Structure formats: structure tokens, C-alpha cells
There are 2 protein chains.
Amino acid sequence: MLTKKELKEYCKEARENYLPHISIDCVVFGFHEGQLKVLLVSVKNEGEWYLPGGFMFKEEPIETAADRILKERTGLDEIFLQQFHVFGAPERSKEHFEMYKDMLPAKENWFTNRFLTIGYYALVDFFNVNPMPDALATACTWCDLDDLPELKLDHALILKTALDTLRLQLNYQPIGYNLMPKEFTMPELQKLYETILDKKLDRRNFQRRMLGFGILNRSEQPRKGGAHKAPYLYSFDLQNYKAALTEGFKGGW
Amino acid sequence: MLTKKELKEYCKEARENYLPHISIDCVVFGFHEGQLKVLLVSVKNEGEWYLPGGFMFKEEPIETAADRILKERTGLDEIFLQQFHVFGAPERSKEHFEMYKDMLPAKENWFTNRFLTIGYYALVDFFNVNPMPDALATACTWCDLDDLPELKLDHALILKTALDTLRLQLNYQPIGYNLMPKEFTMPELQKLYETILDKKLDRRNFQRRMLGFGILNRSEQPRKGGAHKAPYLYSFDLQNYKAALTEGFKGGW
């Protein structure tokens, strides 16, 4: 929670610079070797957890704002964020309104606004990504999806909706570039899908379906070493991968 | 274009009742027997075409606002609208701003606001749906997708994005309930997909894939009459259909 002085300064700056009634929240999922995490920030003096979020400048494009907010709150740059849903239940920002309402007159108080928030999500390799908290936050960290702290406002709903969207996306768009090494085995790719879906998949069906999407190239050389039969190595066919990102899989209609 | 008096009244009411900076636009696709159309409105005195849209009351949930706006502008009720994207390029509402800027001082003028618009889409049987224009509109009509009038603002982009979303949706969610008769043949269902995708599909692949989704029941009795071999009749398995709407197809992961 902000002090009265901090709140007053924050609200003055916010009213001058930001578009009222609209915020952005980012759900950044991190994958590495069979683990799925999400990036959370903890706000100064509150000790409570939020998705990294913020406000849009009055003349700023939404996508630019999402990138900037994520960078400011977490230090992360060049993350491919995708818009997935707007959350706008009238009571969703009442918690902040109640927290600050006695500290400033309503007209000066940024938090008396009703806020709709635009949700963005991304999936990155958390091993390569070291988040850094900004001045407002005391912590910014990767949390396990099955051991989450309680989230403030409607951020648990936003997180769940992002996860549902990511899971649905596996059915019509490719995933995995930037998460897998340049060459990988089919079981390694299957592990990514199993981790996101939180369930086991049939090995043969997975291979048949994945090859049907036409986004993989098989290497001439199987992986060397190991006692068992050497597994085939695959890499993404970037041209087909990118086409499928915008048009859906070829195996589609 | 509104007269100065109309504009003044409209702006006063808008500032009192609506959330600034946010609008809603609806893309309602209509299908019937191999034809795909979209619902457009023409605003009084402008003779130019828009998607049906409007503003949100200060304490109104977004979904309620979308339903209400569609009903007010077109008379249509109980249409299942799905949110699909927010459009927020800073220059997207400049056209309205320019049109009205000399008629009222900026502080009173609702159209000096930057507006983000939340896009909703739906697919209905246009044969059963008779749109009616509201007081602001002179016309409200079904237009062929391949013979559209020029659309104002960024509404052509909103329409294209909705169509892309609908086409992508065919890969992971069922479609067709409320569009098909209670019982239908596989070629009739294929026609729906071909019309939305604007391309021919292979008959056998279509049947195999569609049956694999597990959302169809086959009737015991083929259709009677006709010179050729009577085709099988299908109906939607509503339980599986609804499950697939929220979770994606079973044929998925």
C-alpha cells in the first residue's frame, strides 16, 4: 500500500499521463525442462501478489504499452505478447478503490476510476530470463503454477483464462520456438505439451499429429551417444511455423 | 453527420452516462444455404456504413453492454456474442474527431476522446433474423461479404479480424448449431465450412475429420426421396458440442 504522499504524487502523474479506465496486465508463462511457471510481482508495503501490469499513455498504441509495462515492471524486453481478453466486471477494481478512498478526494484519486484491463500473455524459457523488480515492486519472481500465492483483484481469473487460452492454442497454432533447443527429440517436444496441458499424452498419437502439422524437419543424423537406439532429432521449419502462426495449421481446413 | 444541436445533446448525455475512451463494435455474420453476410448500419445523414456499435454505461458489465448495444442498433436479441479483440490505434477515432471538432468546444465534445473499441462477433442464420434500424440509423441490413460498401473508421479491419478469428475457430471449436436444420447431411454441413472458409474442401477428409470430433450423431433413417442413394442424416450431440465449445475438440490434445 502506498503512503498518502506517494499516492498523491502517483495520482497526479497518472491523471496527467494515462488514459483513464483502462489498464493492461501481462501473464508471462515460463517453461524449462518440464516445469511451467508464471511471473508475479509483489507491490511495496503490501506483500501481496499481482500479475505485472500498468497503464497506457494517452496517445500510446496498446501493444506498445503492453511491451513497455512488462519491461518497466520486470525488466523483460522483446517478449512476444499476445492480447487474449478484456476483463471488465464493474466490481473488479473496487478492492483498490476501498484501499485508497479515504486518503484522497475522489476527484484527485486515480483509483476511484473503474478499470477495464486488457490481458496479454506470452510463453518464454524462464532459464534465459531474469526478471528485475521496478521501483514500485519489492519482488518480481517466477512462481510454480501449482504452488501460487493468493493473487489480488481478479488476477487469479486473468491467469486462469490465459492458461485456458494457451491450452486451446495448442490445437491450432504451433508453440515451442524459443523454448526448445535448436534440435530436439519428439519426447522432448511432447514434454512441453504435457507440461502445458498438465496431463500425459499418447506417444504415437502425439508423433503422428505433430508430424501432420508440417512444421518439423527431421535431421539426417540421429542423436549420438546413449545406450539405447538413438532417437531422431527434429527442428522447426521456420517458414511453415510462421505461416501456421497466422493462418492456423495446414492440417486444418 | 449529426447537426450541432443533436451533437450537443448527444455529447451531454454521453458524458453523463458512458465510460469514456471505450466503445464496443459487433460483427454479426449471417449464414443461410451457402451464403455468408454481415450486418451493417448506416448512420443518419451520413449515408456511410459502420458495424453496429456503441458505448458502455459507467457501471455496466462489458458483455451486458455488447448485448444491449446490438439490440438497440439492430433490434436483435439473444445473439451469442464472443469477445475477440480490442482495437486501439491512437488514430482510429480521429475521423470522428475531425468531423465534429468545430461544432463544440473540446471539453464538451465526446468525440474528442480517444476510443479503444472492444470487438465482439457472432454467427447466426440470417433467414431467421430481421434487423431493424434504431433512431440514429437510417438503415440496418445484411450485406454480402464479397460486395461490401466502404466502411468508416477502422471497421474494415475489425471485420477482417473477426472473419480470421471465425476461420481459425473452425479448427478447435464446433460451429453450426442454430445454423443447420435439426437433421442435416454431411454435404450440407460441409457447405457451411466451405462458405466460411471461401474454398472447396475434400469430401472424404471433411467427413473423416468431422466424425473424429465426436460431436455428431448419425440417424438410423437416411433421408427419404430423391433419385440417388439416400444420404445419412446427422444431428449435433449437444452434450459433446457444448463440452467442445469450452474445452476444444476431443480430437485435440
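Residues numbered from 1 in each chain as written. Chains lettered and ligands numbered in written order. Predicted model: local features only at pLDDT ≥ 70, side-chain atom pairs only at ≥ 80, totals over all residues. Heavy atoms only, no water.

### Points about the overall build of chain A
When its secondary structure is counted, chain A shows 7 helices and 9 strands. Along the longest, intermediate and shortest principal axes, the C-alpha atoms of chain A span 70 × 40 × 25 Å. The 253 residues of chain A split such that 53% are buried. For chain A, the proportion of contacts with a sequence separation of at least 24, taken over those separated by at least 6, is 74%. Element-wise, carbon and sulfur atoms account for 51% of the exposed surface of chain A, whose accessible area totals about 12,900 Å². The average position of the 33 basic charges and that of the 36 acidic charges among the side chains of chain A differ by 4 Å. (Helix = DSSP H or I, 4+ residues; strand = E, 2+ residues; numbered from the N terminus. Buried < 20%, exposed > 50% of the residue type's maximum accessible area, 1.4 Å probe, protein only. Contact = heavy atoms within 4.5 Å. Areas by Shrake-Rupley, 256 points an atom, 1.4 Å probe, with all protein chains shown as cover. Lys, Arg positive; Asp, Glu negative; His and termini not counted. Charge placed at Lys NZ, Arg CZ, Asp CG, Glu CD.)

### Some words on helix α6 (residues 203–212) of chain B
Residues and elements named next belong to chain B. Inspection of α6 places F206, R209 and M210 among the buried residues, and these make up the whole buried set. An end-on view of α6 places all buried positions within 100 degrees of arc, on one side of the element. The exposed set on the far side of α6, more than 90 degrees from its buried face, consists of R204 and R208. Taken together, the buried residues of α6 touch α5 (186–197) and β8 (216–218). Between the side-chain oxygen of the N-cap and the backbone nitrogen of R204 there are 3.3 Å, and the N-cap of α6 in question is D202. (Arc of directions from axis to C-beta. Polar contact = N/O pair within 3.5 Å; in protein donor to acceptor, adjacent residues only side chain to side chain.)

### A word on the confidence of the model for chain A
Residue and element names in this part refer to chain A. Scored by pLDDT, chain A comes out at a mean of 90, with 95% of its residues at no less than 70. Summarising per-element confidence for chain A, the mean pLDDT is lowest in helix α3 (residues 94–100) (84) and highest in strand β5 (residues 82–87) (97). Scoring the predicted complex yields pTM 0.91 and, for the interface, ipTM 0.90. (pLDDT = per-residue confidence, 0-100.)

### Things to note about unusual backbone geometry
At E33(A), a residue that is not glycine, the phi angle is positive and equals roughly 40 degrees. The residue E33(A) is located in the loop between β1 (18–32) and β2 (35–43) in this model. Taking the relative accessible area as the measure of exposure, E33(A) reaches 70% and is therefore exposed. Phi is positive for E78(B), close to 55 degrees, though the residue is something other than glycine. As for its position among the elements, E78(B) is in the loop between α2 (62–74) and β5 (82–87).

### As for the relation of the copies chain A and chain B
Of the transformation superimposing chain A on chain B, the axial component is 0.0 Å and the angular component is 180 degrees, with the fit at an RMSD of 0.0 Å. As the rotation angle and translation indicate, the two copies are arranged about a two-fold axis. Mapped onto chain B, 100% of the interface residues of chain A again fall at the interface, so both copies present the same surface. (Least-squares fit on C-alpha atoms with pLDDT ≥ 70 in both.)

### Structural notes on the interface of chain A and chain B
Quite often, the size of an interface is put as the accessible area lost when its parts meet. At the interface, 38 residues of chain A touch 38 residues of chain B. Run the count over chain A and chain B and you get 0 salt bridges. At the level of elements, β1, β4 (53–57), β5, β6 (116–125), α5 (186–197) and α6 (203–212) of chain A are the ones that each hand at least two residues to the side of chain A that touches chain B. Its residues placed into classes, the side of chain A that touches chain B shows 22 nonpolar, 9 polar and 7 charged. (Salt bridge = Lys/Arg side-chain N within 4 Å of Asp/Glu carboxyl O. Nonpolar A, V, L, I, M, F, W, Y, C, P; charged D, E, K, R; others polar.)

### Describing the packing of α5(A) against α6(A)
All names here are of chain A. At a closest axis distance of 11 Å, the pairing of α5 and α6 adopts a crossing angle of 95 degrees. Judged by the angle between their axes, α5 and α6 are roughly perpendicular. Judged by residue contacts, M186, L189, Q190 and Y193 of α5 engage R203, F206, Q207, M210 and L211 from α6. Here the contact of α5 with α6 is built from residues that sort into 6 nonpolar, 2 polar and 1 charged. (Axes fitted to C-alpha atoms, helices over the stretch in contact; angles between N-to-C directions. Parallel < 35°, antiparallel > 145°, perpendicular 65-115°, else oblique.)

### Brief notes about the side chain of S235(B)
Assignment of secondary structure puts S235(B) in strand β9 (residues 234–236). Here S235(B) is in contact with K182(B), F184(B), I215(B), L216(B) and N217(B), once residues within four sequence places are set aside.

### A closer look at the side chain of R92(B)
All names here are of chain B. Relative to the helices and strands, R92 resides in the loop between β5 and α3 (94–100). Exposure remark for R92: the relative accessible area of 7% places this residue in the buried category. Of note is the side chain of R92, whose polar atom sits 2.6 Å from the side chain of D154. If sequence neighbours within four positions are ignored, R92 has contacts with S23, D25, F87, F115, L116, T117, L153, D154, H155 and I158.

### Examining the packing of aromatic side chains
Under the definition given, this model contains 31 aromatic pairs over all chains. Plain terms: the ring middles of Y172(A) and Y172(B) are 4.2 Å apart, the flat faces sit at 20 degrees to each other, and that makes the pair stacked. With one member in each of two chains, Y172(A) in the loop between α4 (155–169) and α5 and Y172(B) in the loop between α4 (155–169) and α5 form a pair that bridges those chains. Residue classification places Y172(B) among the buried positions, given a relative accessible area of 10%. Each ring, one from F184(B) and one from F236(B), has its centre 5.0 Å from the other, and the planes form 50 degrees; the classification is tilted. Here F184(B) is found in the loop between α4 and α5, whereas its partner F236(B) is found in strand β9, with 52 residues between them in sequence. A residue is classified by how much of its surface remains accessible, and F184(B), at 1% relative accessible area, is buried. On the accessibility criterion, F236(B) (11% relative accessible area) is buried. Three or more aromatic residues joined by ring pairs form one cluster here, namely Y18(A), F55(A), F57(A), W110(A) and F115(A). Above the plane of the ring of F126(A) lies K37(A), whose end atom (NZ or CZ) is 5.3 Å from the centre. (Phe/Tyr/Trp six-rings, centres within 6.5 Å; stacked < 30°, edge-to-face > 60°. Lys NZ or Arg CZ within 6 Å of the ring centre and 35° of its normal.)

### A few points about the pairing of β4(A)
Residues and elements named next belong to chain A. For β4, the buried fraction is high: 4 of the 5 residues fall into the buried class. Examined bridge by bridge, β1 and β4 share 4 bridges and lie antiparallel to one another. The residue of β4 that forms the bridge with D25 is G53. (Pairing = 2+ DSSP bridges.)

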